[in-house]
Each structure stands twice: as C-alpha cells, then as structure tokens.
Amino acid sequence: MEALTVLLWMFDAVLAILLLWLAWRALTCPDHFEAIVLFIAFGLLMALSWVRLDAPDVALAEAAIGAGLTGVLLLGALVGLRSREFGDGMARGGQRTERHPTYPRLLVVIILLAVFAGLALVILTFSARADGLGPAVAANLAASGVANPVTAVLLNFRGYDTLLEMVVLLTAVLGIWSLRLEPFSSQITRGPVLDSLSRFLVPMMILVAAYLLWVGSHASGGAFQSGSVLGAAGVLLLLAGWRLRVGLASAPLRIVLVAGPGAFLVLALFTLLVQGRLLEYPEEHAGSLILVIETIATVSIGATLAALYLGGRPAEDEEPR
Amino acid sequence: MSNAFLYALVGTGLLSLGLYALIVRAHLLRKILAINVMGSGVFLVLVSLATRTADGTTDAVPQAMVITGIVVAISATALALALMLSLAAATGSAELPEEDDS
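Criteria and thresholds
- Residues numbered from 1 in each chain as written.
- Chains lettered and ligands numbered in written order.
- Predicted model: local features only at pLDDT ≥ 70, side-chain atom pairs only at ≥ 80, totals over all residues.
- Heavy atoms only, no water.
- Core = buried A, V, L, I, M, F, W, Y, C linked by side-chain atoms within 4.5 Å.
- Buried < 20%, exposed > 50% of the residue type's maximum accessible area, 1.4 Å probe, protein only.
- Helix = DSSP H or I, 4+ residues; strand = E, 2+ residues; numbered from the N terminus.
- Contact = heavy atoms within 4.5 Å.
- Polar contact = N/O pair within 3.5 Å; in protein donor to acceptor, adjacent residues only side chain to side chain.
- Salt bridge = Lys/Arg side-chain N within 4 Å of Asp/Glu carboxyl O.
- Expected span 1.5 Å × (residues − 1).
- Axes fitted to C-alpha atoms, helices over the stretch in contact; angles between N-to-C directions.
- Parallel < 35°, antiparallel > 145°, perpendicular 65-115°, else oblique.
- Nonpolar A, V, L, I, M, F, W, Y, C, P; charged D, E, K, R; others polar.

1. Things to note about the nonpolar core
Phe42(A), Trp50(A) and Met84(B) are the most contacted members of the largest nonpolar core, which totals 97 residues. No other element matches helix α3 (residues 60-91) of chain B, which puts 14 residues into this core. Filtering out sequence-adjacent residues up to four positions away, Met84(B) remains in contact with Ala77(A), Leu81(A), Leu28(B), Leu29(B), Ile32(B) and Ala94(B). If you look at the next biggest cluster of nonpolar residues, it comprises seven residues, including Leu212(A), Val229(A), Ala233(A) and Leu236(A).

Here's what the structure looks like:
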C-alpha cells in the first residue's frame, strides 16, 4: 500500500512537470505545426489528469473535444493559413521571424510571476476539506431520473447551463458562416487507405456514440462525449472526401443544427407552463425526458462540431458526389 | 485526496504561462493556443479543488461546469480560427498590426 502511494505521487509529479513543459513548448516553439502537435499531446495529458482527479466524465470530454477535435480544427486552420498568408513567410507556413514586442519582456515576466504567486498563495490558504455541493447532489440524485451525478447536474439540476451551451455552439456556427469563408475544400488527397479506414471506423464511431449516450445515465458518458464522437466521425468523413448531398446541405442540415437548442427550448417552455419552473421535470418522467433531450442534443452537437470543422457554409449548388 | 493542491498549483501555472504567451506572442494562432492553455488551467483549478470532499469522490457540479466549459472553449476556438483566417485573407498576415506610436 505504501509503495503504491509513493508511486502515485511520483506519477502525479511527473504528470505535473510534463503538463507545464508541454504547455510552455507549445506556446514558445518557433514552428506552428510543432506547436499544434504539442498542444494535442498536452490535451491527452490533461485527460490523464482528469482521471487522476477522479473525474472520468471530464476526461472523456477532454480526450474527444479538448485534444481531438480542437487539434483537428487547429491543423485545418494552419493549412488554410498557409494558403492565405503571403509575403516572405509564406514558403515556410507563416514562419517569418515574429515581431518582438516593444516593451521589456522582463516586466511581463515579473508581473506574471506576481500573478502566479498571488494565486498560488490564495489556493494554499484553502482548507484541506470542503464538501461543496456533493452532498446536495447525492441527496437529490434519486429524483433526477439518472444515476450518474454528472449527467444529473448537466441535464437536470443545472439544465439551463446546457441549454445556453447549445445556444453557444449554434452561435459559433452562425458566426463562422457569416464570415463567408470558403468551406474546407476538396484540396485533400483521397486514397484507398483513408477511404476504407473511414468506411470501417465511422460505423464503429456511431456505435460508440450510441453506447456513450446510453451509459451516461448511470456511468461516465453522456450527450457531450457522445456528440463529440459523432462530430469526430463527421470530420473523418469530410477528410475522406465525403460531402453532404446538395439537398441535405441547406434545410435539413440547418434543422439538425437548430434541433438541439430548439428541443431544449420547447422542453423549457413546457416545464415552465406545466410545472411552473424552468426545466423542472415531472419526477416520474425525468429519466425518459432526459434520454430524449440527450439523444436530440447528441445528434445536434455532432452536426455542429462537424460544421465548425467545415469552416464555411456548405455550398448549396455544388455538384453532388 | 491529497493531490488536490498539486493539480491546483499546476492549473495556476498553466494560467500564468498562457497569459504570458497571450501577451508576448504576436501571431494569432499562438494567442488562440494561449487562451486554450489558460482555460485548461482554470478547469484544472476548479476540478482539483472539488476533490477535497470527505468521501473522496469528486464534487459533480464543478465537473459538469468544466464539461460545459470545454465545449464552450472549442466553440470559441473555432470562431477565433475562422476570424484569424479572414484576417489573413484580408491583410496577408495573421499577426496583429503594429501600433502607430511605436
């Protein structure tokens, strides 16, 4: 037992050093591509930290979204940047010598060391025991309709957070579409490996997404983890050269994007009128209501994340493939 | 759990590192990365301090807030990257322009 504790402490220490070192390298190394790869590795180590902090739900979300999808978004943006930036830096991917700030860098370092020291001192004054809202969640878990406390908080106790979050996702897509960028174009090289890999992986990913959605009611998982796996499947399809058919790119895509926040709003209005409180589900139907809203949200989140990756409004008059 | 403070300190460290890069780096891609690192630091502080419970299970409310935060972070990142690409398309550079008085 003693040896295990020492081992875990060593693991924590190594993880802490690696996290800080990877973040530092990702932010300071000269090459953008290297920085993004380091950032993806950083995200995976963050997922490990969430497991060490006994937060597997967050670990799943971090691995799928924080490391996976963010990394793909960044790499896609870097490719777009290399084709748009011109001038002397173009050949090496915008890697021209970056301007140096005109103010003394030492001053910034000193101020930020003070910020770090101040925050660290405040944190170290906290007591070693604090129960937070854990007991309140545990006491009301039976009434929530699900057995996983994190899902209960996300979809029931603080359902309005999730409602607004769906709106944030939709707003991001609207913002990107309004910039009228070219959607991620067909400049990719299609090959037999990517093609057959996507045919094999995408059904598996849909299966995994469905499993995560279902298991979220009593173990780690839920709408966001499941939706991000669906979104990753969508990104894989886009990378392999698949495109939405013209008929699906306009109205049906928009309906799916709006379905998540829309269904949430309908449910919120319904509970407001019937129960008198926003998103307060009738206790006997809470479980099934949560499952329905999670299913719609999952599909919507998946479509939204894939649309974020596409980066522009899909063309509506393009030749179908 | 006794490692709560270790991870909380790493979180503060990440926040400071991110803030440094946000100020010092001129390229917008690095500023976006820096904001993401800062966000990870804040999430780490939130969840690590939520492990200080009596029975050792992590408080579910901060966990749910961090999951929400991760999704909001990727939305903001996607929008920021699209804005960066538009700026690069318009000006030919993804760095912020020099201030006039320098």
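Back to the text.
2. So, the side chain of Lys31(B)
Residues and elements named next belong to chain B. Among the secondary structure elements, Lys31 is positioned in helix α2 (residues 28-49). What makes Lys31 buried here is its relative accessible area of 16%. A distance of 3.0 Å separates a polar atom in the side chain of Lys31 from the backbone oxygen of Arg25. When near neighbours in sequence (up to four residues on either side) are disregarded, Lys31 contacts Leu22, Ile23, Arg25, Ala26 and Leu96.

3. Some words on the interface of chain B and chain A
Counting from both sides, the interface comprises 78 residues of chain B and, opposite them, 88 residues of chain A. Taken together, the links from chain B to chain A amount to zero salt bridges. The interface formed by chain B and chain A contains 17 residue pairs in polar contact (both at pLDDT 80 or more). For the side of chain B that touches chain A, the secondary-structure elements that each account for two or more residues are α1 (4-24), α2 and α3 of chain B. Of all the elements, α3(B) adds the most residues to the side of chain B that touches chain A, at 25 residues.

4. Structural notes on the pattern of salt bridges
Between side chains of opposite charge, a pair can form as their charged atoms come close. Residue and element names in this part refer to chain A. By the definition in use, this model includes four salt bridges over all chains. Where Arg52 meets Asp12, a salt bridge forms, and the shortest distance between an N and an O atom there is 2.8 Å. Of the two residues, Arg52 is situated in helix α2 (residues 32-52) and Asp12 in helix α1 (residues 2-28); the sequence distance between them amounts to 40 residues. Each member of the pair, Arg52 as well as Asp12, carries the same accessibility label: buried.

5. Overview of the environment of His285(A)
Structurally, His285(A) is set in the loop between α11 (251-274) and α12 (286-310). Between the C-alpha atoms of His285(A) and Ser144(A), which are 141 residues apart in sequence, the distance is 9.6 Å.

6. With respect to unusual backbone geometry
Across residues other than glycine, the phi torsion is negative in most instances, and most of the peptide bonds are trans. Residues and elements named next belong to chain A. For Asp54, which is not glycine, the phi dihedral falls at a positive 60°. Mapped onto the elements, Asp54 comes out in the loop between α2 and α3 (56-84). When its relative accessible area of 34% is taken as the criterion, Asp54 is described as partly exposed.

7. Observations regarding helix α9 (residues 223-239) of chain A
Residue and element names in this part refer to chain A. Here α9 is 17 residues long and its end C-alpha atoms lie 24 Å apart, about the 24 Å a rise of 1.5 Å per residue gives. For α9, a buried count of 13 out of 17 residues is recorded, marking the element as mostly surrounded by other parts of the structure. Directly beyond the C-terminal end of α9, a positive phi value near 95° is found at Gly241.

8. Details of the packing of helix α6 (residues 149-157) of chain A against helix α7 (residues 159-178) of chain A
Residue and element names in this part refer to chain A. At their nearest, the axes of α6 and α7 sit 5 Å apart, and the two run at 75° to each other. By the criterion of interaxial angle, the relationship of α6 to α7 is roughly perpendicular. In this structure, α6 uses Val153, Leu154, Leu155, Asn156 and Phe157 to contact α7, whose residues at the interface are Gly159, Tyr160 and Thr162. Considered class by class, the residues forming the contact of α6 with α7 number five nonpolar, three polar and no charged.

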